[in-house]
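Fold and contact review
In case you want the letters, here they are:
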Amino acid sequence: MLERIKETASFLKDKMCTVPETAIILGTGLGSLVNEITEKYEIGYEEIPNFPVSTVEGHSGKLIFGKLGDKDIMAMQGRFHYYEGYSMKEVTFPVRVMKELGIGTLFVSNASGGMNPDFKIGDLMIITDHINQFPEHPLRGGNLYGDRFPDMSEAYSKELIAKAKEIAREKGIDVREGVYVGTQGPTFETPSEYKLFRVMGGDAVGMSTVPEVIVANHCKIKVFGISVITDLGVEGKIVEVSHEDVQKAANAAQPLMTAIMRELINRA
Ligand code: HPA
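This structure is a prediction, so every number in the text was calculated from the model and none was measured.

As a packed pair, helix 4 (residues 158–171) and helix 7 (residues 243–267) sit with axes 9 Å apart at the nearest point and diverge in direction by 125°. If you check the angle between helix 4 and helix 7, you find them oblique. Handedness of the crossing formed by helix 4 with helix 7: right-handed. Each of Leu-160, Lys-163, Ala-164, Glu-166, Ile-167, Ala-168, Glu-170 and Lys-171 in helix 4 lies in contact with helix 7, whose residues at this interface are Ala-259, Ile-260, Glu-263, Leu-264 and Arg-267. The residue inventory of the contact of helix 4 with helix 7, partitioned by class, reads seven nonpolar, no polar and six charged.

Below is the structure:
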């Protein structure tokens with residue numbers, strides 16, 4: 001495993017013109033941030049040795065190196081989801097490669113179902129913490145980096161959360177904060193499952209992010225995460241939901257999420 005990570009990193013190092021310290025996983029809601037990356041150099045996942053290839057509609061797969069404002073960055077356009085059939089090691093492989101490339105901070109976004117009764121569709125939620133509901137742990141088995149029993153007391157950087165709130169305030173953008181529950185999918189929740197996750201302490205639920213964030217913390221990469229609420233798992237407000245509904249709500253919220261993220265990455 002370590003050899004494969006090093007092989008992939010060395011392949012990428014040979015291609016990179018810059019040495020970024022910042023990585024972005026362009027999840028749902030952040031797709032258009034890609035248009036703001038300048039001096040772009042793109043590599044399709046299928047060209048990268050050992051990289052899984054993503055399959056889901058609306059997620060094309062490439063790694064992008066370039067500049068966002070003044071910052072050298074690398075961005076993943078398309079991520080790997082557990083529900084697609086990848087193992088947790090595959091889902092989190094890119095994060096381990098990031099570490100090997102020298103990344104110090106990771107920005108992630110996603111779409112989620114809001115369970116906090118104060119939330120509405122289109123809200124942005126800064127992720128303050130998560131609850132891992134995936135059936136397989138990404139750190140199970142051989143320990144590659146870091147501690148055997150990693151600390152998770154600040155999985156999402158408090159400093160970056162504070163900066164993001166400041167930016168949102170300056171820009172007059174309303175943001176929520178909350179706990180993200182990560183589930184395996186691919187089903188959306190039943191009303192009873194939403195209720196359970198709410199009782200557990202969750203504000204929103206989705207099918208990504210948690211594995212990558214666990215691995216990032218394990219290898220001491222700082223994390224900031226933001227979620228767009230695309231549907232509601234609140235008793236009395238639950239309606240049928242489709243992937244298209246999720247995409248539509250996420251696209252509508254995209255400009256605001258992009259505005260916060262762009263500025264935060266520049267100030268981080
Ligand atoms: N549940 C799980 N994943 C999701 C949801 C949801 O309600 N909305 C967007 N992604």
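After presenting the structure, the write-up continues.
Before going further, it helps to examine the pattern of salt bridges. Evaluation of the coordinates by the stated rule reveals 15 salt bridges. The partner of Glu-36 in a salt bridge is Arg-262, and the shortest N-O contact between them spans 2.4 Å. Here Glu-36, found in the loop between strand 1 (22–26) and strand 2 (38–44), pairs with Arg-262, found in helix 7; they are 226 residues apart in sequence, far enough to count as distant. Look at Glu-36 and you get partly exposed, because its relative accessible area is 27%. On the accessibility criterion, Arg-262 (30% relative accessible area) is partly exposed. Salt-bridge contacts for Arg-79 lead to Glu-212; the nearest nitrogen and oxygen are separated by 2.7 Å. Residue Arg-79 is located in the loop between strand 4 (71–77) and helix 2 (88–91), and its partner Glu-212 is located in helix 6 (residues 210–218); the two are separated by 133 residues in the primary sequence.

Here we take up the pairing of strand 1. Among the five residues that make up strand 1, five are buried, leaving the element largely enclosed by the rest of the structure. Residues Thr-22, Ile-24 and Leu-26 line one face of strand 1 and the alternating positions Ala-23 and Ile-25 line the opposite face, and both faces are buried. With five bridges joining them, strand 1 and strand 4 adopt parallel strand pairing. By the bridge assignment for strand 4, Ile-25 is matched with Met-76. Strand direction decides the pairing type here: strand 1 and strand 5 (residues 105–114), joined by four bridges, are parallel. Within strand 5, the position partnered with Thr-22 by the bridge is Thr-105.

This paragraph deals with the nonpolar core. Residues Leu-12, Ile-24, Leu-63, Met-98 and Phe-224 are the most contacted members of the largest nonpolar core, which totals 80 residues. Among the elements that line this core, the one with the most residues is helix 7, at nine residues. Not counting the four nearest positions on each side in its chain, Leu-12 is found in contact with Ile-43, Ile-48, Leu-63, Phe-65, Val-97 and Leu-101. Counting residues in each nonpolar core, the second largest holds five residues, with Met-115, Tyr-194, Phe-197 and Val-205 among its members.

Bringing the side chain of Asp-123 into the picture now. Tracing the backbone shows Asp-123 in the loop between strand 5 and strand 6 (124–132). Within the structure, Asp-123 has its side chain in polar contact with the backbone nitrogen of Lys-120 (distance 2.9 Å). Of the polar contacts made by the side chain of Asp-123, one reaches the side chain of Arg-176; its length is 2.9 Å. Ignoring any residue separated from it by four or fewer positions in sequence, one finds Asp-123 in contact with Asp-118, Arg-176, Ser-227, Val-228 and Ile-229.

Looking now at the site of the ligand. Neighbouring the ligand are the residues Ala-111, Ser-112, Gly-113, Phe-188, Glu-189, Tyr-194, Val-205, Gly-206, Met-207, Thr-230, Asp-231 and Val-246. Between the ligand and Ala-111 there is a distance of 3.5 Å, counted from a nitrogen atom to a backbone nitrogen or oxygen. Within the side chain of Thr-230, one N or O atom sits 3.5 Å away from a nitrogen atom of the ligand. Isolated, the ligand exposes 260 Å² of accessible area, and the fraction of that covered by the protein chains is 96%. Under a 2 Å grid-point criterion requiring more than half of the atoms, the pocket assigned to the ligand is the largest pocket. If you list the elements that add at least two residues to the shell around the ligand, you get strand 5, strand 8 (204–206) and strand 9 (222–232). The dominant element in the shell around the ligand, judged by the number of residues it contributes, is strand 5, at three residues. Of the residues contributing to the shell around the ligand, the split by class is six nonpolar, four polar and two charged.

What counts, and at which threshold
- Within each chain, residues carry numbers counting from 1 in the order of the written sequence.
- Under the rules for a predicted model, residues below a pLDDT of 70 receive no local features and side-chain atom pairs below 80 are neither given nor counted, while totals for whole chains, interfaces and linings still include all residues.
- Side-chain measures here rest on the full set of heavy atoms in the structure, leaving out hydrogens and waters.
- The convention used is that axes are lines fitted to C-alpha atoms, helices contributing only their stretch in contact, and that angles between N-to-C directions extend from 0 to 180 degrees.
- A run of H or I in DSSP becomes a helix once it reaches four residues, and a run of E becomes a strand once it reaches two; helices and strands are each numbered from the N terminus.
- Angle categories: roughly parallel below 35 degrees, roughly antiparallel above 145, roughly perpendicular from 65 to 115, and oblique for all the rest.
- Here a crossing is taken to be left-handed if its near helix is turned anticlockwise relative to the far helix by less than a right angle, and right-handed if that turn runs clockwise.
- We call two residues in contact when some of their heavy atoms are within 4.5 Å.
- When residues are sorted by character, Ala, Val, Leu, Ile, Met, Phe, Trp, Tyr, Cys and Pro go into the nonpolar class, Asp, Glu, Lys and Arg into the charged class, and all the rest, Gly among them, into the polar class.
- Salt bridge, as applied in this entry: a Lys or Arg side-chain nitrogen positioned within 4 Å of an Asp or Glu carboxyl oxygen.
- Note on classification: 1.4 Å probe, protein chains only; a residue is buried when its accessible area is under 20% of the maximum for its type, exposed when over 50%, partly exposed between these limits.
- Pairing between strands is defined by DSSP: at least two bridges between them are needed.
- By convention a nonpolar core is built from buried Ala, Val, Leu, Ile, Met, Phe, Trp, Tyr and Cys residues, the set being connected through side-chain atoms within 4.5 Å.
- Within 3.5 Å is the distance limit for a polar contact, defined as a pair of N or O atoms, with the added protein rule that one can donate a hydrogen and the other accept it, and that residues adjacent in sequence qualify only through two side-chain atoms.
- Whether a residue is near a molecule or strand depends on its heavy atoms: if one lies within 4 Å, it is near.
- Values of accessible area rely on a 1.4 Å probe in the Shrake-Rupley scheme; residue burial ignores everything except the protein chains shown.
- A cavity, in this analysis, means grid points on a 1 Å lattice covering only the protein atoms where a 1.4 Å probe fits yet has no way out; a pocket is instead an open set bounded by protein on both sides within 12 Å along at least five of seven lines, and a residue lines either one if it has an atom within 4 Å of a point.
- To be counted as sitting in a cavity or pocket, a molecule needs more than half of its atoms within 2 Å of that site's grid points.

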